Amino acid sequence: MAETRRLYDEDAYLLEFEAAIVERRVHENRPAVVLEATAFYPESGGQPRDKGTLDGVEVLEVVDLDGVLLHVLASELPMGTVRGRIDGALRSDHRQQHTGQHVLSQAFWELLKGETLSFHMGPEISTLEIGLKSISDADCDRVEDRANTVVREDREVKTTLVPDDRIGEVPLRRPPKKQGLLRVVEVDGFDYSACGGTHVRRTGEIGLIKLGATEKIRGNLRFDFLCGGRALRDYRAKDRAARRLAASFSCAPGDMSAQVEKLAAEHRALKKRARGLGERLAAFESEEIVRAAGGRVVAGVLDDRTPEEARALALAVVKRGELAVAYGAAGEGQGHLILARSGSLKADLRQLVPVVAAVVPVKGGGGPSLVELVMAGSARLREAVDAAAAWLRENA
Ligand SMILES: [Zn+2]
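What you see is a predicted model, and the numbers here were worked out from it, not measured in a lab.

(A) The arrangement of the packing of aromatic side chains in detail. Enumeration over the complete set of coordinates arrives at 4 aromatic pairs. Positioned above the aromatic ring of Tyr13, the side-chain terminus of Arg201 is 3.6 Å from the ring centre.

Here it is in structure tokens:
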């Protein structure tokens, strides 16, 4: 079958076209058509497919089968000529991200000899894998500055077809993957890439180019980046969040880091103090619990305590009297069972693990005199505590 003529190769701004259906097919149980020519871009080269309609029928997928482009449809179309419409906002976004990638890739190469190893355009964020081991903030800034200078210079973006025997004359950034007639995309005098994607006419259209988070991958660096409309939306959301946070701290956005660090330090100090107070309180409470204890076993679900507080109380109780304790406490969607005994008692509390597990599924463990078990949710804490208490009355 003849390869589909790709109208987006000739004009990346073409959003409406007419073309004859040359074949109707079924693709993965859905109707599909092949057209003699199409402006729909298939998923390839790191760039997602176009969205849109053929005669009002939604195009769900555009698949490249060895040069034949298959349009997978939401419902069937009869043979004949159809009118295609491309989602213009999405195409514009793809042109910005894709051309921005060319500019960024060349900026990484020009300034840091960082080679582009892969590119992926996601629905929200795009990524670029660069052959660098590490990068400083200052170098990130230099790359961004260089890329944005090329945007402001509003350079022309030209597409030419070059036969592969003459490709050596083109200063390509990367060697081409394909053979035959090669499509070369030139950002005037700055970058030359063999690429089949959709690009802007002039770099000014890319808008702001912004690098985001960096991650180490396969010994290289992977950069998030945003161009144009995406960069603006990201800045808008972050600016709002920053101003809202600054207002809640009654400070300028620039002073926020210092404020958060101060708050975190205060939080750590308060936690430490709360722990100390909790231990002192547990010592007083344990005295009363030991006095009131009817036998050797103290048990209960402590509704108003964290697992940490329950543990501190259990340890204070077993220190004060010759007792065994089974306390339950809820924390972060889990039920905690704390089992402790005085040093003078001989029972090995690890034997309690299968006893409780036979009643309620639990995980955890410990030593002969202290065991902590965790269960999903706290609804069955009481059952677990009762089972443990019964065993302790017999064995402790
Ligand atoms: Zn490209």
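(B) Structural view of the coordination of the zinc ion. The protein atoms donating to the zinc ion are His98 (NE2), His102 (NE2), Cys195 (SG) and His199 (NE2), with metal-donor distances spanning 2.0 to 2.2 Å. The site at the zinc ion holds 4 donor atoms, and with the angles between them running 97 to 122°, its shape is tetrahedral. Counting gaps between the donor residues of the zinc ion yields the pattern H-x3-H-x92-C-x3-H. For the residue pair Cys195 and His199, the accessibility class agrees, reading buried in each case.

(C) Local environment of the domain arrangement of the protein chain. By the assigned domains, the protein chain splits into domain 1 (5-86), domain 2 (91-246) and domain 3 (281-395). With centres defined by C-alpha atoms, the gap from domain 2 to domain 3 works out at 60 Å.

(D) Region of interest: helix 2 (residues 88-112). Look at helix 2: 36 Å from first C-alpha to last across 25 residues, which is about the 36 Å you get at 1.5 Å a residue. Counting buried residues along helix 2, 18 of its 25 residues qualify, which places the element largely inside the surrounding structure. Sitting at the amino-terminal end of helix 2 is Asp87, which places a side-chain oxygen 3.2 Å from the backbone nitrogen of Ala89. Looking at the residues trailing helix 2, positive phi occurs at Lys113, about 55°.

(E) Structural view of the packing of helix 2 against helix 4 (residues 228-249). Here helix 2 crosses helix 4 at 90°, and the two axes come no closer than 7 Å. With respect to each other, helix 2 and helix 4 are oriented roughly perpendicular. Across from Asp93, His94, Gln96 and Gln97 in helix 2, the residues of helix 4 making contact are Gly228, Gly229 and Arg230. The class makeup of the residues in the contact of helix 2 with helix 4 is no nonpolar, 5 polar and 2 charged.

(F) Here's a closer look at the sheet that holds strand 11 (residues 157-163). Ordered by their spatial adjacency, 3 strands build an open sheet running 11-12-13, and the pairing between neighbours is antiparallel. Bordering the open sheet on either side are strand 11 and strand 13 (191-194), each of which pairs with just one other strand. Direction aside, the axes of adjacent strands within the sheet are offset by 25° on average. Where strand 11 and strand 12 (residues 181-187) come together, 7 bridges link them in antiparallel fashion. For Leu161, the partnering residue across the bridge sits in strand 12 and is Arg183.

(G) Examining the sheet that holds strand 14 (residues 209-217) more closely. Judged by pairing direction, the sheet is antiparallel, and its 4 strands sit side by side in the order 9-10-15-14 without closing on themselves. The two strands at the open ends of the sheet, each matched to only one other strand, are strand 9 (116-121) and strand 14. Ignoring strand direction, the axes of neighbouring strands in this sheet form an average angle of 20°. Strand direction decides the pairing type here: strand 9 and strand 10 (residues 126-130), joined by 5 bridges, are antiparallel. Looking across to strand 10, one finds that Phe119 is bridged to Leu128. Across the sheet, helix 2 lies against strand 9, strand 10, strand 14 and strand 15 (220-227), angled at about 135° from strand 15, the strand it touches most. Helix-sheet contacts for helix 3 (residues 137-152) involve strand 14 and strand 15, and the interaxial angle to strand 14 is about 140°.

Each value, and the rule that gives it
Residues numbered from 1 in each chain as written. Predicted model: local features only at pLDDT ≥ 70, side-chain atom pairs only at ≥ 80, totals over all residues. Heavy atoms only, no water. Phe/Tyr/Trp six-rings, centres within 6.5 Å; stacked < 30°, edge-to-face > 60°. Lys NZ or Arg CZ within 6 Å of the ring centre and 35° of its normal. Donors = N, O, S within 2.8 Å, 3.2 Å for Na, K, Ca; no water. Tetrahedral: all angles 85-135°; square planar, octahedral: opposite > 155°, others 65-115°. Buried < 20%, exposed > 50% of the residue type's maximum accessible area, 1.4 Å probe, protein only. Domains from an automatic or database assignment. Helix = DSSP H or I, 4+ residues; strand = E, 2+ residues; numbered from the N terminus. Expected span 1.5 Å × (residues − 1). Polar contact = N/O pair within 3.5 Å; in protein donor to acceptor, adjacent residues only side chain to side chain. Axes fitted to C-alpha atoms, helices over the stretch in contact; angles between N-to-C directions. Parallel < 35°, antiparallel > 145°, perpendicular 65-115°, else oblique. Contact = heavy atoms within 4.5 Å. Nonpolar A, V, L, I, M, F, W, Y, C, P; charged D, E, K, R; others polar. Pairing = 2+ DSSP bridges.

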